[in-house]
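In case you want the letters, here they are:
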Amino acid sequence: MTWTIAPEPYGSPVAAALWRAYYTEVSDRWYLLHEGRRTEPDELEREIAARPGDELAPPTGQLLVGRYDGEPAGSAGVRLLDPDTAELTRVFVVEGMRGKGGAALLVAAAEEEAARALGARRIILDTRSDLVEARALYARLGYTETGPHNDDVYAEHWFRKELPATKSLNPPS
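Residues numbered from 1 in each chain as written. Predicted model: local features only at pLDDT ≥ 70, side-chain atom pairs only at ≥ 80, totals over all residues. Heavy atoms only, no water.

According to the stated counting rule, one finds 16 salt bridges in the structure shown. Between Arg98 and Glu25 there is a salt bridge whose closest N-O contact spans 2.6 Å. On the criterion of sequence distance, the pair formed by Arg98 in the loop between β4 (85-93) and α3 (102-115) and Glu25 in helix α1 (residues 13-35) is long-range, its members being 73 residues apart. Relative accessible area serves as the criterion here: at 36%, Arg98 is assigned to the partly exposed category. Note on Glu25: relative accessible area 21%, which makes it partly exposed. Salt-bridge contacts for Arg116 lead to Glu112; the nearest nitrogen and oxygen are separated by 3.5 Å. Exposure remark for Arg116: the relative accessible area of 18% places this residue in the buried category. (Salt bridge = Lys/Arg side-chain N within 4 Å of Asp/Glu carboxyl O. Helix = DSSP H or I, 4+ residues; strand = E, 2+ residues; numbered from the N terminus. Buried < 20%, exposed > 50% of the residue type's maximum accessible area, 1.4 Å probe, protein only.)

So, in structure tokens, the structure goes:
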């Protein structure tokens, strides 16, 4: 059983199913923590429709999908904010596939195959306090917690990572 990670159009059925699973989980976690209830179905549909992921389309973005033994099992998105800075978003692994190394592979692919390919020298992200697993993952992967870089109402922690310079294929003469 192995992971494969490849670009996926943000509007594909696979991407849509992973977005729905991701958004349902993070929304339900927030509502259960703050209001003692799950997300209302109409609320969920409205928010999923309002955030289709078009910012993750080339030429300034990329959605990656991780498959475990061929089955869609996770995602990571990158969008270019300025010529040097990319944002990591929608990092998600389906519950039954967690603990198999997929999240770290998705983030590494997002850094290498997406952010650097877009020309970014750094990558930033935000997350919430209740997403402790995500915060631990980012810290383990070399992200440093910083001050706010946006005013997203749900953002409570902001992270940054400088991407290493690319290695030249032609050594200096």
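The next thing to look at is the pairing of strand β5 (residues 122-127). In terms of burial, β5 is a largely internal element, five of the six residues being buried. By the bridge criterion, three bridges tie β4 to β5 in an arrangement that is parallel. For Thr85, the partnering residue across the bridge sits in β5 and is Arg122. Between β4 and its parallel partner β5, the chain crosses via α3, and the hand of that crossover is right-handed. (Pairing = 2+ DSSP bridges. Right-handed = clockwise from strand over helix to strand, strands pointing away.)

The subject of this paragraph is α1. Helix length check: α1, at 23 residues, gives a terminal C-alpha distance of 31 Å against a target of 33 Å (1.5 Å per residue), a fit within 8%. Inspection of α1 places Ala15, Leu18, Trp19, Tyr22, Tyr23, Val26, Ser27, Asp28 and Tyr31 among the buried residues, and these make up the whole buried set. Buried-residue contacts for α1 involve α2 (41-50), β2 (61-68), β3 (71-82) and β4. Where α1 ends, the next residue or the one after it, Gly36, has phi of about 70°, a positive value. (Expected span 1.5 Å × (residues − 1). Contact = heavy atoms within 4.5 Å.)

Let's shift gears to the nonpolar core. Formed by 36 residues in total, the largest nonpolar core has its most connected members in Val78, Leu88, Val107, Ala115, Ile123, Tyr138 and Tyr143. Contributing elements (two or more residues each) for this core: α1, α2, β2, β3, β4, α3, β5 and α4 (132-140). Among the elements that line this core, the one with the most residues is α3, at six residues. The contacts of Ile123, once residues within four sequence positions are left out, are Val78, Ala86, Glu87, Leu88, Glu111, Ala115, Tyr143, Phe159, Arg160, Lys161 and Leu163. (Core = buried A, V, L, I, M, F, W, Y, C linked by side-chain atoms within 4.5 Å.)

With that settled, consider the pairing of β3. Each regular strand displays side chains that alternate between the two surfaces of the sheet. Pairing of β2 with β3 involves eight bridges; the strand directions are antiparallel. The residue bridging Arg67 from the neighbouring strand is Pro72, located in β3. As consecutive antiparallel partners, β2 and β3 are separated by two residues, and within that stretch Asp69 has a phi angle of approximately 50°, a positive value. Bridge count between β3 and β4: seven bridges; the pairing is antiparallel. Within the sheet, the bridge partner assigned to Leu80 lies in β4 and is Ala86. The hairpin turn running from β3 into β4, its antiparallel successor, is two residues long.

Any functional reading would require information that these geometric values do not contain.
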